[in-house]
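Listed below, chain by chain, are the residues.
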Amino acid sequence: MSTAHRVLLIIHISMGMVALASGAAAMIVRKGSPRHRRSGNVFFGSMLIMSALGTAMAAFIVPNRGSVMGGLLTFYLALTGWTTVRRKPGETGALEVGAAILGLATATAAAIWANAAVNSPTGRLDSFPPSLYFTFGGVALVGTLLDARMIARGGLRGAARTTRHLWRMCFAMFMATSSFFLGQAKLFPEGVRESGALRIPVLLVVGAFFYWLVRIRVWPSLRRLRGPHLSDSI
């Protein structure tokens, strides 16, 4: 391993640890509070550095197209999730257009690499099965289509804006937690690996996402439906 590679790897790992800590803080503290904004900004910055360095190393130093795909998708999700709340409601700009192009490029690369994995003698590409490329590419494609709709409408407001921020940041956090706790399980003692405890952080992220999705999109609708019935009974 060269000195440059070692330095990049150290920065990549360090930013990953910062992202995990700040992402957990952002999920725990009160949403919209100064602490949430500060921890969210730290999460965004560390995720961008981590994913950019990971992508660069996987592309040019230790070639692995599966890792390139993961890095590109994580970068795209963190960028679009953060810009959603940095923009004023009903506002878009050149950054959103550029991010959509990145999402489309990621989905296109995924389709090409998935096809290569399907047609390879081992059924894999750089040790990853086609399902990984299809899954990551599908997420990137859905995100890009939603980007295009948002840009065409001139931005988002209200619950739609919050939901866009929520699912993209949570998916980026899911990528970080699963990459560390599951992808690097060898770093943990054998007893911890066999206990299944490494799945808990990943499941907590998934659970938090669905909780806030229900809280933002489903619960307000239920309250509106219940309102007239409650008023009629009084």
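Let me sum up the structure you'll find in this document. Nothing here was measured: the structure is a model prediction, and the numbers come from that model.

1. Some remarks on helix H3 (residues 65–86)
Look at H3: 31 Å from first C-alpha to last across 22 residues, which is about the 32 Å you get at 1.5 Å a residue. The distance from a side-chain oxygen at the start of H3 to the backbone nitrogen of Gly66 is 3.1 Å, and the residue carrying that oxygen is Asn64.

2. Quick word on empty space enclosed by the protein
Considering all chains together, one arrives at one cavity of 30 Å³ or more under this definition. As a volume, the largest cavity reaches approximately 70 Å³. Lining the largest cavity, in full, are Thr83, Thr84, Arg87, Lys88, Glu91, Glu96, Met150, Gly155, Leu156, Arg161 and Arg164. Considering only residue class, the lining of the largest cavity consists of two nonpolar, three polar and six charged.

3. Side note on the layout of surface pockets
Volume-wise, the largest pocket comes out at about 1,200 Å³. Contributing elements (two or more residues each) for the lining of the largest pocket: helix H1 (3–28), helix H2 (34–61), H3, helix H5 (130–153) and helix H6 (158–182). Of the residues in the lining of the largest pocket, the class split is 17 nonpolar, 16 polar and one charged. Considered as a void within the structure, the second largest pocket measures approximately 670 Å³ in volume. Together, 24 residues line the second largest pocket, and Lys31, Gly32, His36, Val85 and His165 are the ones closest to its centre. Listing elements by their share of the lining of the second largest pocket, those giving two or more residues are H1, H2, H3, H6 and helix H8 (199–233). The biggest single contributor to the lining of the second largest pocket is H6, with seven residues. Residue classes in the lining of the second largest pocket are distributed as 13 nonpolar, seven polar and four charged.

Calculation rules
- Residues numbered from 1 in each chain as written.
- Predicted model: local features only at pLDDT ≥ 70, side-chain atom pairs only at ≥ 80, totals over all residues.
- Heavy atoms only, no water.
- Helix = DSSP H or I, 4+ residues; strand = E, 2+ residues; numbered from the N terminus.
- Expected span 1.5 Å × (residues − 1).
- Polar contact = N/O pair within 3.5 Å; in protein donor to acceptor, adjacent residues only side chain to side chain.
- 1 Å grid on protein atoms, 1.4 Å probe; cavity = no way out; pocket = protein on both sides within 12 Å on 5 of 7 lines; lining within 4 Å.
- Points joined across faces, edges and corners; volume = space filled by probe spheres on them.
- Nonpolar A, V, L, I, M, F, W, Y, C, P; charged D, E, K, R; others polar.

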